[in-house]
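Inside the fold
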Amino acid sequence: TERTLGYELTLDTPKGKRVALVQKGIYRNHQNKPVGIIGIARDITERKKDEEKIRRSEHHFRALIERSADVVTLVAADGTILYISPSAREFCGFSTEELVGTNAFFWVHPEDTPTAQKGFRTLYENAGSPLIGEFRYLCKSGEWKWLEATATNRLDDPSVRAIVVNTRDITERKKSEQELRRFEAIVESSLDGIFSIDLEGQITSWNPAASKIFGASGEEMLGRDFKTLFPEKTARSVYAKMLRGKGIENCE
């Protein structure tokens, strides 16, 4: 065929097994006639060892990334998603094939997009410490979920050439925070005096209505023993019942 052939050989040598890259081709004379075969061999044993180390490392880190609950995304300088870990499907319902090649900001909630883009520009212009932010992300079901993202600029790293973004689902945490704020608003606006105490009997919260009723601000009362608010006998009785898990009703 007169084609040049290339292949690898494993050789038994006095120094142990070695790997050689062999290339063979036609050897021609001054009249350009084939007169034989010329062979060139190069020892690539160390290169093969390095390739095996890289392969194992890649397999190791890929296993860690693909089994992680966090979503790992590689984003180009223009915002294009270059890679996203398979855990994205569990979070948002989209497959990696549906997300790779799209613009990352397309999936961010319109209200959160300006902040996310500003952070991205800051990270792009000032490689250094990671940036942490929160935003809502579109799911295949049409639902918006909350993400906490940690982004690092690795554009100058030849082996990465991307901004690495690690994200985790904080939707339930955000719901809990909203619920907490709702109850805080109810307590703060209540006309009833509401306060809480710990197991030692110290006051840990004190709403504005309590300040009006008792004539003392929250700053004055936080950390004080609640029993100072009541007659000693009443305070001991109330405290003992509460420690036994019993409710106190209509205590005058």
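These numbers were taken from a predicted model, which means no experiment stands behind them.

**Quick word on the pattern of salt bridges**
For the structure shown, the criterion picks out 22 salt bridges. A salt bridge links Glu46 to Lys49; the shortest N-O distance between them is 3.8 Å. Within this pair, Glu46 and its partner Lys49 are both found in helix 1 (residues 45–66), separated by three residues, close to a single helical turn. You can call Glu46 partly exposed: its relative accessible area is 44%. A relative accessible area of 44% places Lys49 in the partly exposed class. We note a salt bridge from Asp225 to Lys227, for which the minimum N-O separation is 3.3 Å. By relative accessible area, which is 28% here, Asp225 ends up partly exposed. Where salt bridges share partners, they join Asp70, Glu134, Glu148, Arg168, Arg173, Lys174 and Glu177 into one cluster.

**Describing the packing of aromatic side chains**
One pass over the full model with this rule turns up ten aromatic pairs. Judged by centre distance (6.3 Å) and plane angle (80 degrees), the rings of Phe195 and Phe214 are edge-to-face. Of this pair, Phe195 sits in strand 9 (residues 195–197) while Phe214 sits in helix 6 (residues 208–214), placing them 19 residues apart in sequence. Overall, the relative accessible area of 26% leaves Phe195 in the partly exposed class. Ring centres of Trp206 and Phe214 lie 5.3 Å apart, and the angle between their planes is 45 degrees; on these two criteria the pair is classed as tilted. Residue Trp206 is classed as buried on the basis of its relative accessible area, which comes to 9%. Within the aromatic cluster, the residues linked to one another by ring pairs are Phe91, Phe135 and Tyr137. Positioned above the aromatic ring of Trp146, the side-chain terminus of Lys174 is 4.4 Å from the ring centre. Lying over the aromatic face of Phe183, Arg182 brings its terminal NZ or CZ to 4.8 Å of the ring centre.

About the thresholds
Residues numbered from 1 in each chain as written. Predicted model: local features only at pLDDT ≥ 70, side-chain atom pairs only at ≥ 80, totals over all residues. Heavy atoms only, no water. Salt bridge = Lys/Arg side-chain N within 4 Å of Asp/Glu carboxyl O. Helix = DSSP H or I, 4+ residues; strand = E, 2+ residues; numbered from the N terminus. Buried < 20%, exposed > 50% of the residue type's maximum accessible area, 1.4 Å probe, protein only. Phe/Tyr/Trp six-rings, centres within 6.5 Å; stacked < 30°, edge-to-face > 60°. Lys NZ or Arg CZ within 6 Å of the ring centre and 35° of its normal.

Keep in mind that these numbers describe shape and distance, not what the molecule does.
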